[in-house]
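# Descriptive structure summary
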Amino acid sequence: MTFDLTGEQDQLRDAVRALGRRYGHGYFVEKAKAGEHTTELWTEAGRLGYLGVNIPTEYGGGGGGITELAIVCEELAAAGCPLLLLVVSPAIAATVITRHGTEEQRKRHLPGLADGSAKIVFAITEPEAGSNFHRLGTVARRDGDDWVLNGRKCYISGVDEAGHVLVVARTEDSSTGKLKPALFLVPTDAAGLTRSKLDMEIVSPENQFLLYLDDVRVPADALLGESLDAGLPALFAGLNPERITVAAMGAGTGRYAIERASEYTATRKVWGGRSIGSHQGVSHPLAHAAVQVELARLMIQKAATLYDAGRDLEAGVAGNMAKYAAGEAAALAVDTAVQALGGTGMTTEYGVATLLGAVRAGRIAPVSREMILNFVAQHVLGQEKSY
Ligand SMILES: Cc1cc2nc3c(=O)[nH]c(=O)nc-3n(C[C@H](O)[C@H](O)[C@H](O)COP(=O)(O)OP(=O)(O)OC[C@H]3O[C@@H](n4cnc5c(N)ncnc54)[C@H](O)[C@@H]3O)c2cc1C
């Protein structure tokens, strides 16, 4: 067992950290408040190869794994730039296409995802289904060689920045007549696909949308994979990378908040000569949050290592636990940092309260803490399913 990164991973960490710090949280907030995207940072990260670290080299990527992508997510977040679309485009879409797409789909989509010139977002959540994906109501009907999609999706991140959206729909299984999942690569400018932006209380340059699919017609090769049988495994293929990278973003955000608060409390003096950090009522909560973040990081490392070793089932348990731990730790760290900073903590300029909405959302999305607890209760503790 080793807790050390390889030399290359270390270099990647240092380089991404330097890039993130060059932009910083001020840049992230400025873009968010102006209703703009972090295009400069995304483009530069793509050019330097950081967005494609997990994509195979034959498609223009770095040939690494989710361990490397988690490093990118964590270090950008630790620099105050938690980019949610890293979770959607390189983690979910690139993994699903690499593992279950056709060769033609890999050649068409992966190079753009690798260099950051293209983004593919992911649409599974529906208003009526919520956490219960068995209730998905978006249906794909065959019409000649084409597919025609109808349904509604909600909270879909980054549709305004993406060329395609990977839509999870259902088709009728010709042998059983039952509906089964199928994924479609739908151009965001397809006729019949419309969107409306949701107003969210999150300071983020990335937006969430309601998506309406009204008779969206796509050609046969928009279906992900060689046949309808690819749907279910493709859907599952995206889950572990999603959980591990979103956990890494949470851990990075937690580190950022604790660092900002610790710098401040070590030097701020309001009771004579001693810093406020010398009071344990201030330092212990920060130390406690730091322990929680570090524990989450360990679990992320374990989950990513298992995933990259091809041990998907074990990675599923570890990835869910990592996501849970990091979601809780990030929310605790940001809240604790705000408290330790006092009034300063609530200023936009100091850049900690600006993360409250994002870390709160991290306990709900992409999978809620309750659904992870359900998973652990059922699959680790052997409890009966309650729903
Ligand atoms: C910022 C943000 C970005 C998002 N981006 C995307 C995206 O890009 N693509 C996408 O497809 N989706 C996205 N989502 C949606 C997200 O995945 C869902 O919000 C999440 O899965 C929860 O679904 P829901 O909101 O419908 O909650 P519901 O399912 O309505 O649940 C509401 C509450 O009840 C709890 N609950 C539900 N069922 C149970 C149960 N059986 N046991 C215990 N508790 C339960 C939940 O944990 C939650 O706390 C995003 C959401 C947010 C907030």
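Since this is a predicted model, take the numbers as computed values, not measurements. (Residues numbered from 1 in each chain as written. Predicted model: local features only at pLDDT ≥ 70, side-chain atom pairs only at ≥ 80, totals over all residues. Heavy atoms only, no water.)

## A few points about helix H1 (residues 7-33)
Between its terminal C-alpha atoms H1 stretches 38 Å, which fits the 39 Å expected from 27 residues at 1.5 Å a residue. Where H1 bends most, the angle comes to about 60 degrees, and this point is Gly24. Taken from the residues just after H1, Gly35 is the one with a positive phi, measuring 70 degrees. (Helix = DSSP H or I, 4+ residues; strand = E, 2+ residues; numbered from the N terminus. Expected span 1.5 Å × (residues − 1). Bend = angle between axes of the 7 residues up to and from the residue.)

## Description of the site of the ligand
Neighbouring the ligand are 20 residues, the closest being Thr125, Ser131, Tyr155, Ser368 and Glu370. Note that a nitrogen atom of the ligand is positioned 2.8 Å from one of the side-chain N or O atoms of Ser157. A distance of 2.6 Å separates an oxygen atom of the ligand from a polar side-chain atom of Ser368. When the free accessible area of the ligand is taken as 980 Å², the share hidden by the protein chains comes to 70%. Taken together, the elements giving at least two residues each to the shell around the ligand come down to strand E1 (120-123), strand E3 (146-157) and helix H10 (369-379). Of the residues that constitute the shell around the ligand, the class distribution is 12 nonpolar, seven polar and one charged. (Near = heavy atom within 4 Å. Polar contact = N/O pair within 3.5 Å; in protein donor to acceptor, adjacent residues only side chain to side chain. Areas by Shrake-Rupley, 256 points an atom, 1.4 Å probe, with all protein chains shown as cover. Nonpolar A, V, L, I, M, F, W, Y, C, P; charged D, E, K, R; others polar.)

## Some remarks on the nonpolar core
One finds Leu149, Val165, Phe184, Val186 and Ile300 to be the most contacted residues of the largest nonpolar core, which totals 90 residues. In contact with Phe184, other than residues within four places in its own chain, are Ala140, Trp147, Leu149, Val165, Leu166, Val167, Ala169, Thr171, Val218, Ala222, Leu223 and Leu224. (Core = buried A, V, L, I, M, F, W, Y, C linked by side-chain atoms within 4.5 Å. Buried < 20%, exposed > 50% of the residue type's maximum accessible area, 1.4 Å probe, protein only. Contact = heavy atoms within 4.5 Å.)

## What about the state of the cysteines?
Disulfides are covalent bonds that connect the sulfur atoms of two cysteines. In the structure shown here, the tally under the stated rule is zero disulfides. No disulfide involves Cys81; its sulfur sits 13 Å from that of Cys73, the nearest cysteine. Under the relative-accessibility criterion, Cys81 is labelled buried at 1%. (Disulfide = S-S within 2.5 Å.)

Remember that the coordinates give geometry; whether it matters functionally is a separate question.
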